[in-house]
Each structure stands twice: as C-alpha cells, then as structure tokens.
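A closer look at the structure
Okay, here's what each chain looks like letter by letter:
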Amino acid sequence: MNWKTSIFIFMSFALMNTSCGVYSFTGASISPTVETISIQTFYNNSPLGPSNMSPLFTEKIKDYYLRNTSLTLVDGEGDLQLEGSIDNYTLTPVAVSANENPDQVDLTSLTRITIYVSATYTNLEDDQFDFDQTFSFFKDFDQNREDLSANEEEYVNEIFDQIILDIFNSSVANW
C-alpha cells in the first residue's frame, strides 16, 4: 500500500467520524455543551388508575434518559428541563361480545386502557426544541381472558414505556 492510499483511507475514516453534535445508537442528538437534565415529578392528576403511577412514571423516565444519554440528572435548572403530569387514565369498551342467552345483557369483551401524559420540555441551549404537548398510548385486553386487577401493573408499564419513548424522541432525538 502506498502513502497516497494510506492518507486517503485515513482521511476517509476521519471524515466519517466527525459530526456537529453527539449522536448515540438510541437516536439522541444532543449538543456537546448540554450536560445536565432536570426531570420534575410527574404528578398523577387522573381520577382513575393505580395510585403509584406518579412515582412509577417519574422513575421510569429518569432511568430512560440516564441509560440512553450521557446527561447528568440534577434536581433543578438542568440544561434540559422536563416536567409534566399524568392527566387521564381511561377504560373504554372497544368490542362487545354477544351473549348466547338472549335474556342476558351483551358484555364488553375487549377493553382499552388509555393513559394521557402532558409534558413540558425546555432546552436552555436551543429553544427551537421546546414543547408543551400531551402524549398518549393504549393497551387493549380481553376481559373474558385477562383479569384487569391481576394485569394492570403490566399494562400500565407497557403504556408508560411507549409514552416515555415518544417524549424522548420528541425531546433529544428531535424526531
């Protein structure tokens, strides 16, 4: 291999490894000057749902940002700031199953749990990424096969995982 080929390979490698910001495999694109994030408690303002939704959601979202970014979590005044609330938890019939006995009432067989979370995101380095919006997701389950009280924690965790991913993508992944 001659010296021209070696220089070409080195320059190609160097160009491929440069970027304008920090990028990770999670899709996070955060400016190198941003070092901290503060995430306030997401209070539960919903009249329904498990009583532990506030600490569960708050800890899950903190953990997600810490695992998927190099940001340091601070109590207040982070370079990035996230706060919000769990606004609603609804149970809605989605499908009705006909009862074989015409003297009995038809029952709901498929039910949908939907959770709505409001989030306010502030980027002190670049306010073009700021937002204040509501995120929601749902989980359908068959009441005839699955007991809500036995599975509610699992369903809520699935819904929260998707909402947290959506908030993450809207904030630091800039999607």
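Residues numbered from 1 in each chain as written. Predicted model: local features only at pLDDT ≥ 70, side-chain atom pairs only at ≥ 80, totals over all residues. Heavy atoms only, no water.

1. Notes on the confidence of the model for the protein
Residues with a pLDDT of 70 or more make up 76% of the protein, whose mean pLDDT is 84. With pLDDT under 50 throughout, residues 14-26 is counted as low confidence; its partners more than four residues away or in other chains account for eleven contacts. (pLDDT = per-residue confidence, 0-100. Contact = heavy atoms within 4.5 Å.)

2. Focus on the layout of surface pockets
By volume, the largest pocket is sized at about 170 Å³. In this structure, the largest pocket is lined by 13 residues; those nearest its centre are Ser-29, Ile-30, Ser-31, Asn-123 and Phe-129. (1 Å grid on protein atoms, 1.4 Å probe; cavity = no way out; pocket = protein on both sides within 12 Å on 5 of 7 lines; lining within 4 Å. Points joined across faces, edges and corners; volume = space filled by probe spheres on them.)

3. Here's the deal with the pattern of salt bridges
Summed over all chains, the structure comprises five salt bridges. A salt bridge links Lys-62 to Glu-59; the nearest nitrogen and oxygen atoms lie 4.0 Å apart. In this pair, Lys-62 and Glu-59 are both assigned in helix α2 (residues 53-68), three residues apart and thus about one turn of the helix distant. A salt bridge links Glu-158 to Lys-139; its shortest N-O distance comes to 3.5 Å. Of this pair, Glu-158 sits in helix α3 (residues 148-171) while Lys-139 is found in strand β8 (residues 131-142), placing the two residues 19 residues apart along the sequence. (Salt bridge = Lys/Arg side-chain N within 4 Å of Asp/Glu carboxyl O. Helix = DSSP H or I, 4+ residues; strand = E, 2+ residues; numbered from the N terminus.)

4. Digging into the side chain of Ser-171
Among the structural elements, Ser-171 can be located in helix α3. In this structure Ser-171 comes out as buried when scored by relative accessible area, which is 2%. At a separation of 2.5 Å, a polar atom in the side chain of Ser-171 contacts the side chain of Tyr-65. For Ser-171, the side chain forms a polar contact with the main-chain oxygen of Phe-168, separated by 3.1 Å. Setting aside anything within four residues of it in sequence, one finds Ser-171 in contact with Tyr-65, Tyr-121 and Phe-131. (Buried < 20%, exposed > 50% of the residue type's maximum accessible area, 1.4 Å probe, protein only. Polar contact = N/O pair within 3.5 Å; in protein donor to acceptor, adjacent residues only side chain to side chain.)

5. What to know about the environment of Leu-82
By the element assignment, Leu-82 lies in strand β6 (residues 80-97). A residue is classified by how much of its surface remains accessible, and Leu-82, at 1% relative accessible area, is buried. Along the primary structure Leu-82 and Phe-131 are separated by 49 residues, whereas in three dimensions their C-alpha atoms are 9.8 Å apart. In this structure Leu-82 touches Ser-38, Ile-39, Gln-40, Phe-42, Ile-61, Tyr-65, Ala-119, Thr-120, Tyr-121 and Ile-167, once residues within four positions along its chain are discounted.

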